[in-house]
Structures are given as structure tokens and as C-alpha cells.
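Residues per chain are reported as follows:
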Amino acid sequence: MTGVAMNTIQKLLADLGTGCAEYEDKAMRNLKCKHIQCDEIWQFCYAKDKNVPADKRGTFGFGDVWTWVALDADTKLVPSFTIGTRSGQTAKRFIDDLASRLANRVQLTTDGRRAYLEAVEGAFGCNIDHAMLVKLYGSDRETEARYSPAECIRCKEIGITGRPDPKHISTSFVERQNLTMRMSMRRFTRLTNGFSKKVDNLYYSVALHYMWYNFARIHETLRVTPAIEAGIADHVWSIEEIAELLEITLVQIRV
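What counts, and where the lines are drawn
- Residues numbered from 1 in each chain as written.
- Predicted model: local features only at pLDDT ≥ 70, side-chain atom pairs only at ≥ 80, totals over all residues.
- Heavy atoms only, no water.
- Helix = DSSP H or I, 4+ residues; strand = E, 2+ residues; numbered from the N terminus.
- Rg over C-alpha atoms; globule rule 2.2 N^0.38 Å.
- Buried < 20%, exposed > 50% of the residue type's maximum accessible area, 1.4 Å probe, protein only.
- Contact = heavy atoms within 4.5 Å.
- Areas by Shrake-Rupley, 256 points an atom, 1.4 Å probe, with all protein chains shown as cover.
- Phe/Tyr/Trp six-rings, centres within 6.5 Å; stacked < 30°, edge-to-face > 60°.
- Lys NZ or Arg CZ within 6 Å of the ring centre and 35° of its normal.

A. The overall build of the chain, seen in detail. Along the backbone of the chain there are eight helices and six strands. Ordered by position from N to C terminus, the α and β elements of the chain give α-β-β-β-α-β-α-β-β-α-α-α-α-α. What you see for the chain is a C-alpha radius of gyration of 19 Å, in line with the 18 Å of a compact globule of 255 residues. In terms of its C-alpha atoms, the chain occupies a principal-axis envelope of roughly 55 × 50 × 35 Å. Within the chain, the proportion of its 255 residues that are buried is 45%. Considering only residue pairs separated by 6 or more positions, the chain has 62% of its internal contacts joining residues 24 or more positions apart. Element-wise, carbon and sulfur atoms account for 52% of the exposed surface of the chain, whose accessible area totals about 14000 Å².

Structure (C-alpha cells):
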């Protein structure tokens with residue numbers, strides 16, 4: 001389709017994805033966010049869980065993989081993401097990374113996953129206003145093979161730490177971000193053969209996506225990029241500028 005060898009494209013993705021991840025890691029510091037929403041999105045690598053060979057079952061990168069995403073509800077900036085399992089260990093790694101990027105106390109809304117409780121307490125202590133938004137469904141939810149979830153009949157707001165403002169207890173923006181990911185990255189599209197065969201390539205793809213989303217994509221409501229709205233960029237990045245981040249990786253390779 002491209003006239004370029006597949007291995008060349010995969011190497012470009014790895015090098016550019018690394019450059020994007022390192023640039024974002026440096027840029028996403030001392031953020032003055034106020035309202036953060038967190039969610040997890042499902043994907044699989046290599047094969048779906050039921051099709052993973054016996055000798056690879058239970059090994060991360062084969063079967064279910066979850067991308068944990070934090071989003072600033074005001075600027076729509078995505079300051080942190082983590083790829084892993086849906087375990088407490090991944091939750092801790094994700095929330096620790098998020099906490100290291102914030103400059104002030106925030107209101108945090110998560111879903112009802114218990115893994116968040118210990119992770120948030122360990123990362124923030126009492127210096128946060130944390131609430132959970134627990135969705136109650138009319139019938140038992142089926143497995144991830146079902147593409148339309150059961151009907152949500154009610155949402156229950158639970159204050160966990162501090163004094164979260166009920167007006168800002170929501171995960172709507174970060175859940176909408178799930179659609180952006182599935183529409184923007186072929187690897188996240190349902191019923192496709194474009195899924196990642198290696199979890200490292202999934203990470204590089206997500207890093208590249210969020211570099212574009214934060215710095216180059218003009219948000220329809222804000223009329224600027226999330227990075228400009230958050231005050232960490234002064235212009236809309238071009239694709240050429242993002243491609244220049246390859247130099248970060250290439251310089252490190254030379255060194």
C-alpha cells in the first residue's frame with residue numbers, strides 16, 4: 001500500500017513513538033489541572049485471550065491488554081497513559097505517573113474499580129478530592145466480546161477522599177476519548193486484523209497518537225489544541241514537527 005517495506009515502517013513507528021513518548025514525558029510536568037477523569041480501554045495483542053496458545057497464556061502482551069488514560073476535563077489534555085493489565089499493580093504505576101505530573105491539588109473521578117482506591121491513596125494521600133462514579137446496569141454485563149454494553153440505568157457517585165464537587169464528578173469526557181482512540185488508531189478498531197502483534201508496537205502507536213492529539217489536533221470545542229489550552233505549547237504542531245522528534249531517538253542511538 002505504501003511502496004515501503006513493512007519492517008521499515010515498523011522501525012519508523014518504534015523510533016518516532018519513542019521520541020514522542022520522551023518529549024511528552026518532559027513537557028507534561030507541573031500541570032495546573034483542576035479536574036481529572038480516568039478510565040481504561042480494552043484491546044488485545046497477538047490474539048484474543050481464548051485463542052492464545054497454551055505456552056503463552058498468562059504472559060503479558062498475549063491476549064487482553066488495557067490502556068489506562070487520564071484526561072483533564074477543562075483543557076482536554078491527556079497528561080498520562082499506561083499500558084498494562086487491569087491489575088492493582090498497573091493502577092499504581094498509572095496513578096503514580098499521573099501524580100508526578102500535577103502541580104496542585106485536583107479533583108479526580110474514576111470508575112468503581114477497587115484498584116484505584118489503594119493506588120490513589122498511595123500516590124496522593126489526603127491531598128486530593130477523589131470520587132468514584134459507579135455505573136449500575138440493568139442486567140449482568142457480558143464479556144468484552146459484546147460490543148454494546150448493557151443498559152446503564154443509574155450512576156452512583158461515591159466520595160472517597162477530600163471534598164469532591166458533585167458538579168464535576170464525571171467520566172464523560174474520558175469515555176468519549178475512548179471513541180477518539182478507536183476511530184484514530186486502527187489497532188483499537190473492533191473486528192479488524194490491524195491489532196498489534198507485539199505490545200511494544202501498541203505502546204509506540206499510543207504515544208504517537210497522543211503526541212498528535214495533544215499538540216497537533218485542534219479540538220472542535222476549544223478551537224485550539226489541548227496543549228495550547230493547558231499552556232504547554234504556543235502553536236499548533238505540524239506533522240513535520242512531530243516527525244522531527246525522530247532526532248531525539250537517533251541522537252540517543254548515536255550516543
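B. Up close: the packing of aromatic side chains. Enumeration over the complete set of coordinates arrives at 12 aromatic pairs. On the basis of an interplanar angle of 90° and a centroid distance of 6.0 Å, the ring pair of Y210 and Y213 is categorised as edge-to-face. Of this pair, Y210 and Y213 both sit in helix α5 (residues 199-215), separated by three residues, roughly a single helical turn. Both residues of the pair, Y210 and Y213, belong to the buried class. By way of ring pairs, the aromatic residues F81, Y203, Y204, Y210 and Y213 are connected into one cluster. Looking at R86, its charged tip hangs above the ring of W66, at a distance of 3.8 Å from the centre. Note that K197 overlies the ring of F195, its terminal NZ or CZ placed 4.3 Å from the centroid.

C. Up close: unusual backbone geometry. For Y46, which is not a glycine, the phi torsion comes out positive at approximately 70°. Note on placement: Y46 falls in the loop between β1 (35-45) and β2 (63-72). In the Ramachandran plot, K76 falls in the positive-phi region, its phi being about 65° despite a non-glycine side chain. Along the chain, K76 turns up in the loop between β2 and β3 (80-84). Taking the relative accessible area as the measure of exposure, K76 reaches 10% and is therefore buried.

D. The environment of Y116, seen in detail. Position of Y116 relative to the elements: it lies in helix α3 (residues 115-124). Residue Y116 is classed as buried on the basis of its relative accessible area, which comes to 0%. In this structure, the C-alpha to C-alpha distance between Y116 and A91, residues 25 residues apart in sequence, is 6.2 Å. Once residues within four sequence positions are removed from consideration, Y116 is found in contact with C38, D39, E40, W68, F94, I95, T110, D111, H130 and M132.

Keep in mind these values describe shape, not function.
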